Amino acid sequence: MSFCNLGLGEDAVHAAQRLRYLDPTPIQAQAIPVIISGKDLIGSAQTGTGKTAAFILPIVSQLKKHSHTRCLVLEPTRELAAQVKEASDDFTFFTNLRSSLLHGGVKYDRQHQELAQRPDIVIATPGRLLDHIENGAVKLDKIEVLVLDEADRMLDMGFMPDVRRIINYCNTNRQTLLFSATIPPRLADLIGWAMKEPLTIEIGRRSNPAETVQHVLYPVAMNQKDELLMALLDRTNYESVIVFSRTKVGADIFGHALQAKGHKAEVIHSDRSQGQRTKALELFRSGEVEVLVATDIAARGLDIEGVSHVINYDVPENPEDYVHRIGRTGRANRTGDALTIFTAPEQQYVTAIEYLINKPLPRVKLDNFNYTYTTLLQEAAGNDGRRKGASSRRKRR
Ligand code: AMP
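### Focus on the nonpolar core
Link 1 in the chain: In terms of nonpolar packing, the biggest core is built from 37 residues, with F55 and L177 touching the most fellow members.
Link 2 in the chain: Top contributing element to this core by residue count: helix α3 (residues 51–63), with 8 residues.
Link 3 in the chain: Excluding its chain neighbours within four sequence positions, the residues that come into contact with L177 are I35, K39, L41, F55, I59, V145, L146, V147, L148 and M195.
Link 4 in the chain: Listed in part, the 30 residues of the second largest apolar core include V138, M160, C170 and I191.

Here you go:
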C-alpha cells in the first residue's frame, strides 16, 4: 500500500513524500479512502498512529484552491490545536490553502487579521472559536468538513455544550469526522445528532498501550513520595522524561524542587500562561530541557519525539488517563519506560488500570532507598521485583 493508491491528490501525496512518510499507517490506509468518498467517519486509533495525517491529507486533497473557510477542526487543548496547525502547514505545503489557529490565552488581534484573509482551514479550541463566531469574525455556513478530534476528551473537559453550539453554526450539508478513544453514551447522542450514517474504523484498542513500553509500579508510604520521585529521577538513565502530577499545585511544587536541585525542568498545566506553556514545550522538544512536569493536559495526543521515560507521581484516577500518559513514550516503536509511584489509598486505581490493560503491573523496590514501612512493600518484596536502578537499560551522560 502506498500513498499513491489511496485516492489522494498529487499535492497531498507530495506533502507526505516530503515528510518522508514511506507507507500509510493502518489508520491512514483505512480512513483516507472513506474520507475521500465523502462519508462521515468515526475513527479510533492509539495516539502516535498517524491520526492527524489520516484526516488532514484527504481534506487537503478535497479543498484544492484557496477560497473561504471550508474546514473546521476542533481540538480540546491549545497544545493539540497548535500541533495540528503545524501538521496542517506541512500537508498544505504544495497548495495555496491557508489555515488559521484559534485558541485562548493569546491576543485577538492576530487571529482577527488571519480570519480576515478567510483561511480555508480553521483549527480551534471551542471557547475562543465561539468568541470569534459571536463577534462575527468567522462564519461557518460554508463548512464542508468538520473534524471533532479527541472527542471524548472534549466531553471530559466539559466542552460539549460549546461543541453543540458550534455545530449549530456549521453548514448542515457537510461531512463530519470524529476521532475518539471511546464512545461514552453522551458522545453516542452527539453522533446520532451531528453525523449521517457514519462508518467506524477502529485500529488497535486504546486499552492496549504500546508493546514497547515497560511498566513498573513503585509502592511507597505517602510521606516518602517526593523523596522517591527525586531518587528515581537521580538514578534513571533517561534521555528525556515527563513527570505527571494529578494536580497543578503538585506540578508547580515539584518543578520548583527540581530546578532548585539543578535539573533542567519546565512545568506545563492549564493555569500557566499560553506563552509559558508554549515555551516549556519548545524547550522540551528541542532537548534543552530534559524534564517536563505536567498535568494531564499534556497527556493526550502530544507528539514529542524521544521521550524515554514517563514517571507518574501519582496513579491516575481514570485508567484511560494512564494509557494516555504512558503513550507519550514508546512512540513509533521506540522503547520506553513507565514508572508509577503508588501509595496505599491508590490501590483501587491500580486495579482499574490492570483490568483495562489486561495485565498485572510488577511492584518493585528501588535498591538502597531508605523506605519507611507500608503494607504495599511486602507485596513488592514478594514480587521478585528488586531493581538496581529505575532503568538500567540506558546509560545517562
Ligand atoms: P499523530 O498520531 O498524528 O500524532 O502522528 C504521530 C507521528 O507520526 C507524527 O510525528 C507524524 O509526523 C508521524 N507520521 C504520521 N504518518 C506517518 C507515516 N505514514 N509514516 C511515518 N510517520 C508518520
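### So, the pattern of salt bridges
Link 1 in the chain: Considering all chains together, one arrives at 16 salt bridges under this definition.
Link 2 in the chain: D89 is the salt-bridge partner of K85, the closest N and O atoms lying 3.1 Å from each other. Remark: D89 and K85 occur in helix α4 (residues 78–91); sequence separation between them is 4 residues, near one turn of the helix.
Link 3 in the chain: Between R110 and E114 there is a salt bridge, with the nearest N and O atoms lying 3.6 Å from each other. Remark: E114 and R110 occur in helix α5 (residues 109–116); sequence separation between them is 4 residues, near one turn of the helix.
Link 4 in the chain: What makes R110 exposed here is its relative accessible area of 61%.
Link 5 in the chain: The exposure class assigned to E114 is partly exposed, which follows from its relative accessible area of 24%.

### Description of the environment of G336
Link 1 in the chain: The topology assignment puts G336 in strand β13 (residues 336–342).
Link 2 in the chain: Note on G336: relative accessible area 0%, which makes it buried.
Link 3 in the chain: Distance from G336 to V307, taken between C-alpha atoms, is 7.3 Å for residues 29 residues apart in sequence.

### Some thoughts on the site of the ligand
Link 1 in the chain: Surveying the vicinity of the ligand reveals 13 residues, the closest of which are Y21, Q28, G50, T52 and D303.
Link 2 in the chain: For the ligand, a nitrogen atom lies 2.7 Å from a polar atom in the side chain of Q28.
Link 3 in the chain: In this structure, T52 approaches the ligand through a side-chain N or O atom, which is 2.6 Å from an oxygen atom.
Link 4 in the chain: Taken together, the residues of the shell around the ligand sort by class into 3 nonpolar, 6 polar and 4 charged.

### Examining the packing of helix α8 (residues 160–169) against helix α9 (residues 185–194)
Geometrically, a packed helix pair is captured by the angle between its two axes and the distance between the axes.
Link 1 in the chain: Packing of α8 against α9 brings their axes to within 12 Å, and their N-to-C directions diverge by 5°. By the angle between their axes, α8 is roughly parallel relative to α9. Contacts between α8 and α9 pair M160, R164, I167 and N168 from the former with R186, L187, D189, L190, W193 and A194 from the latter.

### Overview of the environment of L283
Link 1 in the chain: With respect to the helices, strands and loops of the structure, L283 is situated in helix α12 (residues 274–286).
Link 2 in the chain: Placed 19 residues apart in sequence, L283 and K264 show a C-alpha to C-alpha distance of 9.7 Å.
Link 3 in the chain: In contact with L283, not counting residues within four places along its chain, are E266, E288 and V289.

### Considerations on the sheet that holds strand β4 (residues 121–124)
Backbone-to-backbone hydrogen bonds join strands into a sheet, with any given pair of strands oriented parallel or antiparallel.
Link 1 in the chain: Spatially, β3-β4-β2-β5-β6-β1-β7 is the arrangement adopted by the 7 strands of the open sheet, whose pairing is parallel. With one partner strand each, in any of the chains shown, β3 (99–102) and β7 (199–203) form the two edges of the open sheet. On average, each strand axis in the sheet is tilted by 15° relative to the strand beside it, whichever way the strands run.
Link 2 in the chain: Relative to strand β6 (residues 175–179), strand β5 (residues 145–148) runs parallel, the two being bridged by 4 bridges. The residue of β6 that forms the bridge with V147 is L177.
Link 3 in the chain: Here α4 sits on the sheet in contact with β2 (71–74), β3 and β4, set at roughly 170° to β3.

### Here's the deal with the packing of aromatic side chains
Link 1 in the chain: Counted according to the given criterion, the structure contains 6 aromatic pairs.
Link 2 in the chain: Plain terms: the ring middles of F55 and F179 are 5.2 Å apart, the flat faces sit at 35° to each other, and that makes the pair tilted. Within this pair, whereas F55 is found in helix α3, its partner F179 is found in strand β6, the two being separated by 124 residues in sequence. Each member of the pair, F55 together with F179, is buried.
Link 3 in the chain: Centroid distance F93 to F94: 5.0 Å. Interplanar angle 85°. Geometry classified as edge-to-face.
Link 4 in the chain: Among the aromatic residues, ring-to-ring pairing joins F3, Y21 and F91 into one connected group.
Link 5 in the chain: Between the NZ or CZ atom of R164 and the centre of the ring of W193, over which it lies, the distance is 4.8 Å.
Link 6 in the chain: Here the guanidinium or amino end of K225 rests over the ring plane of Y313, the centre of that ring lying 4.4 Å away.

Conventions and cut-offs
- Residues numbered from 1 in each chain as written.
- Predicted model: local features only at pLDDT ≥ 70, side-chain atom pairs only at ≥ 80, totals over all residues.
- Heavy atoms only, no water.
- Core = buried A, V, L, I, M, F, W, Y, C linked by side-chain atoms within 4.5 Å.
- Buried < 20%, exposed > 50% of the residue type's maximum accessible area, 1.4 Å probe, protein only.
- Helix = DSSP H or I, 4+ residues; strand = E, 2+ residues; numbered from the N terminus.
- Contact = heavy atoms within 4.5 Å.
- Salt bridge = Lys/Arg side-chain N within 4 Å of Asp/Glu carboxyl O.
- Near = heavy atom within 4 Å.
- Polar contact = N/O pair within 3.5 Å; in protein donor to acceptor, adjacent residues only side chain to side chain.
- Nonpolar A, V, L, I, M, F, W, Y, C, P; charged D, E, K, R; others polar.
- Axes fitted to C-alpha atoms, helices over the stretch in contact; angles between N-to-C directions.
- Parallel < 35°, antiparallel > 145°, perpendicular 65-115°, else oblique.
- Pairing = 2+ DSSP bridges.
- Phe/Tyr/Trp six-rings, centres within 6.5 Å; stacked < 30°, edge-to-face > 60°.
- Lys NZ or Arg CZ within 6 Å of the ring centre and 35° of its normal.

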